[in-house]
Amino acid sequence: MSGTYSQPSVFFFGQGRADGTATMKDTLGGKGAGLAEMTNLGIPVPPGFTIASAICITYLETHQFPPWLRAQVETSLQRLEAVTSRHFGGKESPLLVSVRSGAAVSMPGMMETILNLGLNDNTVEGLAEESGNPQFAWDSYRRFVQMYSAVVLDLPKAEFERMLEARKQKSKVTRDSDLSAADLKALVKEYKAHAEKATGGKPFPDDPMEQLWGAIAAVFESWHTRRAIDYRKLHDIPDSMGTAVNVVTMVFGNIGEDSGTGVAFTRDPSTGERKLYGEFLMNAQGEDVVSGTRNVEPIAQLKEQMPAAYAELDRLARVLERHFRDVQDLEFTIERGKLYMLQTRRAQRSGPAAVRISCEMVDEGAISEEEAVARIPPEDLDQLLHPMIDPDSHVDLLTTGLPASPGAASGTVIFDADIAERLARKGEAVILVRRETSPEDFHGMIVCKGILTARGGMTSHAAVVARGLGKPCVASAQDLEVDEQHQTLSVGGRVVKQGEWITIDGGSGRVFVGQAKLMTAELSGNFTRLMQWSDKVRQIRVRVNADTPADAHRGRDFGAEGIGLCRTEHMFFEGDRLLAMREMILAQDTDGRKKALAKLLPMQRGDFEAIFRAMEGFPVCIRLLDPPLHEFLPKEPREIEEMARALGKPVEEVERIVHSLAEANPMLGLRGCRLGIIYPEITAMQARAIFEAACTVAARKGRVMPEVMIPLVANVIEFRKQALIVRQVAEEVFRERQITVPYLLGTMIELPRAALTADEIAREAQFFSFGTNDLTQTTWGLSRDDAGRFLPYYLEHGIIEDDPFQVLDTNGVGKLIEMACQLGRRTRQDLKLGICGEHGGEAKSVAFCDALGMNYVSCSPFRVPIARLAAAQSTLMQRGTMDRTRATV
Ligand code: PEP
Ligand code: MG
């Protein structure tokens, strides 16, 4: 280690030996650790040293370098001079360095880099002489002054670009590389004069040591730039991490036609195909590749142009991938035919590529099945399950909203569910656009390609139904005005009319004007294998939230081991059923209600039978009616009139009843078990439908395991009253059918009071299912449907870190859950525990439930594979066999 101090902060690498290793990412940053490891492996890396990332934080706090650092840097620089036989600031064989950032977690393009540092009016002559190429030497100097002025002196880049353009015009050339040495020399003079003037008369630093400290400080400071802060927020990277600084001997890809620079991946990062993939530029420096000013060439071209360098790159790519046991993203420079590696890091890859690469690496014997499971961020599977916008497609962004249900879809804008249904039946692709959806839109939602709403959050009607249907949905789109009367939508004055095409991406929340090209992903054998490996590892079970036989089948296809939530009300939203439901709601007495319920009974029974069959004996948790009744009723006078006509009732009477059912706070009103307590005949009908269906399936030798769930219980007496009805009906049906079916009777824990009195409730209930949508709503005291109005502000301003409706708030809501689990199991040891809120398919929340010892998580069908993988990773994490950062970084 460099320096004689007890606090080593500078780590040298060169000549086949490095102070650091790949395991020291926290200290050296990813880039520094990679350079050290490559050096130790004997891979050609230009020598250099890394200043530890801890210094970054000290520097940013104190605006000073720690006193011992200067000596350590100077010692390292002397060592660098010795191993390169060059002199920092010397005219003969001048040592030039790059100064680059590199945090422990890769933040591509977020922080600063300075190349060619060490050049001044003196050393540039040495470089010209040594290279025999004055044009190259002066161009390097020109680039250095330009970069240094922007990064260290904080001067606007535009003025330098303007001077460069003016010079090209004056010399009548079009490309930078056509400028002569004399031109470039004049330009450097101009640049420096400008820098001096713009900094209030401070001469541009000629002393390489001063240049170096200025550059180190600027790289540290770039940790605090707006874009770096935003990137960290987005990717959950702690601000306290800091960046390391790498000072590396320059090698030149722009020294002639036998030189070049590029980036390469050891496998194709979009498809996962095993082949060297990347781009390069001849006679260029790294910044030319990044800036996009010149057209890069595919790496295969390098094979033609410089076969030896290509062969060496291909060999090193394989060495590095084998060594790091993961696909690598490489930066390289070829100087006069000799290849140097400048960076190696774990490559970012698409979801499909991640799955293919992991599986193929298992086949190649490079990693174990468990490692493959540990490597894939669960959310990445989303890309495999839904269509995506083709990355090559040209798109025109209109607005962004909440990514309420993943997948991309294109279609014509339609504002009315009936029209949507009509057009879709004719085979047209439509996107249903509503201010917010209601159960009455359901028929339009089923047939449309995607749903866009102006209001409502992640658990709004649109979002929940869309996820259940596996359809893309963007909710609460910013500044979206829906004018249903004139059949237009607009965003900031931009108007889209009914019938015009839009594309929505429910995975990112983006909305585009026009028809984008979509790609459908296929579930390959690799996906199935990955799922099987996950299932071998995980302990917690994964169920599906499914309301229809079709959802139940889809859930099984995705590997669900039962239904964790069947929202029975969703069975009432269609055609005849909705009418019978409305008849029940509008009935003025018990007899009238019973008459209407009798119509619903066979419909529910039929659905339950089909669902039980689809689930092949896996448990099916059926929730009794939950939503406030007005959700089933129309709002518009025209629709109320139509309903009255269909039911043969006077319009005024229907209007009166509809108004009488309105509540100021329906989510806290007559809903959940309160409905069944006020109207016990509803509970009785639903219980009958469940048990009759179960008996029918059991009588035909089918296996069936119903779980009857009572929603929104706050008090054990509520549960007791409802349980009594369910048990009585069960006995009746078993007697009538001469068969008994085992079943469980439990409740949702979705109110704080239920969690607080879980010990009492567990005396009666055989299972708890945490309804974390309502539990979040009621614990936070914020409405699920209106939170979209202010949650984005809260997130943006760091008032909350995650949307609590998407990521379980373990600090708050999680404490209630933990308490309820403990209290419940204290009363009833074999109490079955699960979660059925939307969080049941979110990786961090799955890990939380697993750690609490829950029996299962339950989520919408398309999230089942994500939950299976997340559950397996949770087990690996608990065993300590998974590096926590593995799947997320
Ligand atoms: C819940 O509240 O978490 C839940 C699953 O029920 P719903 O979303 O239907 O209210
Ligand atoms: Mg609920």
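None of the values given here were measured: they were computed from a predicted structure.

(A) Representation of the overall build of the chain in the model. Looking only at helices and strands, the chain has 34 helices and 32 strands in total. A buried classification covers 57% of the 889 residues belonging to the chain. Looking at the chain as shown, the accessible area adds up to about 36,700 Å², and 49% of this sits on carbon and sulfur atoms. Treating the 103 positive side-chain charges of the chain as one cloud and the 120 negative ones as another, the clouds have centres 3 Å apart.

(B) Representation of the site of ligand 1 within the structure. Contacts to ligand 1 come from 14 residues, most closely from Arg 567, Gly 771, Asn 773, Asp 774 and Arg 784. Take Thr 772: an N or O atom from its main chain is 3.0 Å from an oxygen atom of ligand 1. In this structure, an oxygen atom belonging to ligand 1 sits 2.6 Å away from a main-chain N or O atom of Asn 773. Considering ligand 1 on its own, with 290 Å² of exposed area, one finds that the protein chains cover 95% of that surface. Broken down by secondary-structure element, the contributors of at least two residues to the shell around ligand 1 are β26 (563–567) and α30 (772–780). Per-element tally for the shell around ligand 1: the top contributor is α30, with three residues. The residue makeup of the shell around ligand 1, split by class, is three nonpolar, four polar and seven charged.

(C) Focus on helix α22 (residues 590–615). Taking 1.5 Å as the rise per residue, α22 with 26 residues should run 38 Å; its terminal C-alpha atoms sit 35 Å apart, in good agreement. When the local axis directions of α22 are compared, the greatest deviation, roughly 30°, occurs at Leu 600, which is followed within four positions by the proline Pro 602. Positioned one or two residues after α22, Glu 616 has a phi angle of 45°, which is positive.

(D) Seen up close, the confidence of the model for the chain. In this model, the chain carries an average pLDDT of 91, and 97% of its residues clear a pLDDT of 70 or more. Across residues 1–5, confidence stays below pLDDT 50; counting only partners more than four residues off in sequence or on other chains, it has 15 contacts. This model gives residues 884–889 a pLDDT under 50, and the stretch forms 13 contacts once residues within four places in sequence are excluded.

(E) Spotlight on the packing of aromatic side chains. Following the criterion strictly, the structure yields 19 aromatic pairs and no others. Both rings, one in Trp 138 and one in Tyr 141, keep their centres 5.5 Å apart while their planes meet at 45°; by these two values the pair is tilted. Taken together, the residues span about one helical turn, with Trp 138 and Tyr 141 both in helix α5 (residues 134–151) at a distance of three residues. You'll find Trp 138 and Tyr 141 in the same group, each marked buried.

(F) Main features of the sheet that holds strand β3 (residues 48–51). Taken in spatial order, the six strands of this open sheet run β2-β1-β3-β6-β4-β5, and their pairing is antiparallel. Two strands lie at the open edges of the sheet, namely β2 (17–18) and β5 (113–117), each paired on one side alone. Summarising the sheet, strand β4 (residues 97–103) and β5 pair through three bridges and their orientation is antiparallel. Within β5, the residue paired with Arg 100 across the bridge is Thr 113. Lying on the sheet, helix α3 (residues 67–84) is in contact with β1 (10–14), β3, β4 and β6 (243–249); it crosses β1 at an angle near 5°.

(G) Representation of the pairing of strand β31 (residues 832–835) in the model. Bridge analysis of strand β30 (residues 767–770) against β31 gives four bridges, and the strand direction is parallel. Paired with Phe 768 across the strands is Leu 833, a residue of β31. Two strands pair when backbone bridges link them, and β31 and strand β32 (residues 856–859) are joined in this way by two bridges, in the parallel orientation. If you follow Gly 834 over to β32, its bridge partner there is Tyr 856. In the classification by handedness, the crossover that spans β31, the intervening helix α33 (residues 843–851) and the parallel β32 is right-handed.

(H) Structural view of the environment of Gln 343. Turning to its location among the elements, Gln 343 is positioned in strand β11 (residues 338–346). The exposure class assigned to Gln 343 is buried, which follows from its relative accessible area of 4%. Through-space distance from the C-alpha of Gln 343 to that of Glu 331 is 5.0 Å; in sequence the pair is 12 residues apart. Non-local contacts of Gln 343, meaning those with residues more than four positions away in its chain, are made with Lys 31, Leu 35, Met 38, Asp 329, Leu 330 and Glu 331. Polar side-chain contacts of Gln 343 include one of 3.3 Å to the side chain of Lys 31.

(I) How the structure looks around the sheet that holds strand β13 (residues 396–400). Taken in spatial order, the eight strands make up an open sheet running β13-β23-β22-β15-β16-β17-β18-β14, and their pairing is mixed. The open sheet has two free edges, formed respectively by β13 and β14 (402–405), since each of these has just one partner strand. This sheet shows a mean twist of 35° between the axes of neighbouring strands, independent of strand direction. Where strand β15 (residues 408–414) meets strand β16 (residues 430–434), three bridges bridge the pair, whose relative direction is parallel. Bridging across to β16, Thr 412 finds its partner in Val 430. In this fold helix α16 (residues 417–425) packs onto β15 and β16, with an angle of close to 180° to the strand it touches most, β16.

Rules and cut-offs
- Residues numbered from 1 in each chain as written.
- Chains lettered and ligands numbered in written order.
- Predicted model: local features only at pLDDT ≥ 70, side-chain atom pairs only at ≥ 80, totals over all residues.
- Heavy atoms only, no water.
- Helix = DSSP H or I, 4+ residues; strand = E, 2+ residues; numbered from the N terminus.
- Buried < 20%, exposed > 50% of the residue type's maximum accessible area, 1.4 Å probe, protein only.
- Areas by Shrake-Rupley, 256 points an atom, 1.4 Å probe, with all protein chains shown as cover.
- Lys, Arg positive; Asp, Glu negative; His and termini not counted.
- Charge placed at Lys NZ, Arg CZ, Asp CG, Glu CD.
- Near = heavy atom within 4 Å.
- Polar contact = N/O pair within 3.5 Å; in protein donor to acceptor, adjacent residues only side chain to side chain.
- Nonpolar A, V, L, I, M, F, W, Y, C, P; charged D, E, K, R; others polar.
- Expected span 1.5 Å × (residues − 1).
- Bend = angle between axes of the 7 residues up to and from the residue.
- pLDDT = per-residue confidence, 0-100.
- Contact = heavy atoms within 4.5 Å.
- Phe/Tyr/Trp six-rings, centres within 6.5 Å; stacked < 30°, edge-to-face > 60°.
- Pairing = 2+ DSSP bridges.
- Axes fitted to C-alpha atoms, helices over the stretch in contact; angles between N-to-C directions.
- Right-handed = clockwise from strand over helix to strand, strands pointing away.

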